[in-house]
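Fold and geometry: a report
Here's the letter readout for the chains.
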Amino acid sequence: MIPTLLSKFYSRYPMIEIKLEEAGSIQLENLMLQGGLDLAFITTKPKYNKIEYILIERETIVLLSGKNTEISQHFSPGSQIKIADAKNDSFVAIKSGHSIRNIQDNLFLSSNIAPRIILETSRLETAIRTTLACRAVMVCANTYLSNNYGSSVCGNIYPICDNELQRDFYLCYNKDTFLTKPIKYLIEISRKYGELNQ
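Residues numbered from 1 in each chain as written. Predicted model: local features only at pLDDT ≥ 70, side-chain atom pairs only at ≥ 80, totals over all residues. Heavy atoms only, no water.

**Remarks on the overall build of the protein chain**
Which entries qualify depends on this criterion: Strands here mean DSSP runs of E at least two residues long; helices mean DSSP runs of H or I at least four residues long; both are numbered from the N terminus. The size measure is the radius of gyration over C-alpha atoms, and the globule rule it meets is 2.2 Å times the number of residues to the 0.38 power. Each residue is assigned to one of three classes by its accessible area relative to the maximum for its type, calculated with a 1.4 Å probe on protein chains only: buried under 20%, partly exposed between the two thresholds, exposed over 50%. Any pair of residues with heavy atoms lying within 4.5 Å of one another is described as a contacting pair. For accessible areas, the Shrake-Rupley method is used with a probe of radius 1.4 Å. Any residue's cover is judged against the shown protein chains and nothing else. Charge assignment: positive for Lys and Arg, negative for Asp and Glu; neither His nor the chain ends contribute. By convention, charge coordinates are those of NZ in Lys, CZ in Arg, CG in Asp, or CD in Glu.
Along its length, the protein chain carries six helices and nine strands. Its C-alpha atoms give the protein chain a radius of gyration of 18 Å, near enough to 16 Å, the size a compact globule of 198 residues would have. Dimensions along the principal axes, computed over C-alpha positions, put the protein chain at roughly 55 × 30 × 25 Å. Counting only residues that meet the buried cut, the protein chain has 44% of its 198 residues in that class. Here the contacts in the protein chain between residues at least 6 apart in sequence split such that 74% fall between residues at least 24 apart. Entry remark: accessible area of the protein chain is about 11100 Å², with carbon and sulfur atoms responsible for 47%. The distance from the centre of the 22 positive side-chain charges to the centre of the 20 negative ones in the protein chain is 2 Å.

**Concerning the packing of aromatic side chains**
Two numbers describe a pair of aromatic rings. These are the distance of the centres and the angle of the planes. Test applied: Between rings of Phe, Tyr and Trp, where Trp is taken as its six-membered ring, a pair exists when centres lie within 6.5 Å; planes separated by under 30 degrees are stacked, by over 60 edge-to-face, and by other angles tilted.
Enumeration over the complete set of coordinates arrives at seven aromatic pairs. Between Phe-41 and Phe-169, the aromatic rings sit 5.9 Å apart at their centres with planes inclined by 15°, giving stacked as the arrangement. In this pair, Phe-41 is assigned in strand β1 (residues 40-44) and Phe-169 in strand β9 (residues 168-174), connecting sequence segments 128 residues apart. On the accessibility criterion, Phe-41 (23% relative accessible area) is partly exposed. We classify Phe-169 as buried; its relative accessible area is 16%.

**What to know about helix α5 (residues 124-133)**
Structurally, the α-helix is built with 3.6 residues per turn, so residues lying three or four positions apart point the same way. Here is the rule we go by: Summarising the geometry, the arc corresponds to the directions from the helix axis toward the C-beta atoms.
Turning to α5, its buried residues are Ala-127, Ile-128, Thr-130 and Thr-131. The buried side chains of α5 occupy one side of the element, clustering within an arc of 170° when seen end-on. Turned more than 90 degrees from where α5 packs its buried face, Arg-129 and Ala-133 sit exposed. At its buried positions, α5 is contacted by β3 (61-66), β4 (91-94), β5 (117-121) and β6 (137-141). A positive backbone phi angle near 50° is found at Arg-135, which sits one or two residues after α5.

**Looking at the state of the cysteines**
The condition is simple: Here, two cysteine sulfur atoms that lie within 2.5 Å of each other are counted as a disulfide.
Taken as a whole and assessed by the stated rule, the structure comprises zero disulfides. Its sulfur unpaired, Cys-161 is 16 Å from the next cysteine sulfur, which belongs to Cys-140. Using a relative accessible area of 37% as the deciding quantity, one classes Cys-161 as partly exposed.

**Concerning unusual backbone geometry**
The backbone of Asn-112 sits at a positive phi, close to 55°, despite the residue not being glycine. Tracing the backbone through its elements, the reader meets Asn-112 in the loop between α4 (99-111) and β5. Among the residues examined, Asn-112 registers a relative accessible area of 72% and is labelled exposed. Despite not being glycine, Arg-135 has its phi angle at roughly 50°, a positive value.

See the structure below:
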């Protein structure tokens with residue numbers, strides 16, 4: 001999505017420089033509240049009145065599984081599962097500070113499980129590749145993987161049915177921030193992109 005939006009943005013504003021910061025949702029929201037960011041794409045649940053949240057895409061929390069995991073031996077790809085169904089598998093986790101980690105930790109707590117975590121990382125690509133290479137599983141959003149459930153070339157995707165925490169993908173800005181024409185344009189094209197994906 002970001003490359004599509006930036007391509008459209010730069011066709012109108014080729015001389016504007018954009019600095020892209022990657023961090024967890026909590027860190028990005030705090031930076032925004034402190035005036036350290038103009039805009040942020042955040043996967044979260046709206047929680048601050050000072051921040052404007054524009055829905056870009058709805059998400060479903062899923063379990064990504066390598067082909068030879070215990071869960072893949074018992075469930076067909078695309079089957080809805082409870083997180084406890086994967087309690088005997090090894091997990092790859094995104095580090096704390098990311099909303100997906102909060103969801104994972106809450107799922108473990110509410111299901112009274114403490115599975116083995118073989119890797120914690122801030123890098124999504126590293127987490128996905130390690131999950132698939134190491135016969136592990138990973139809690140993530142469907143939007144990280146594709147728009148379709150079921151078999152993929154490298155792994156299986158299982159929607160998690162016992163997830164009570166909802167989060168979606170938003171474009172956000174501090175309501176106190178002065179919005180320049182280029183920022184307003186980026187908001188406009190992001191909003192249109194979101195309307196097409198709902």
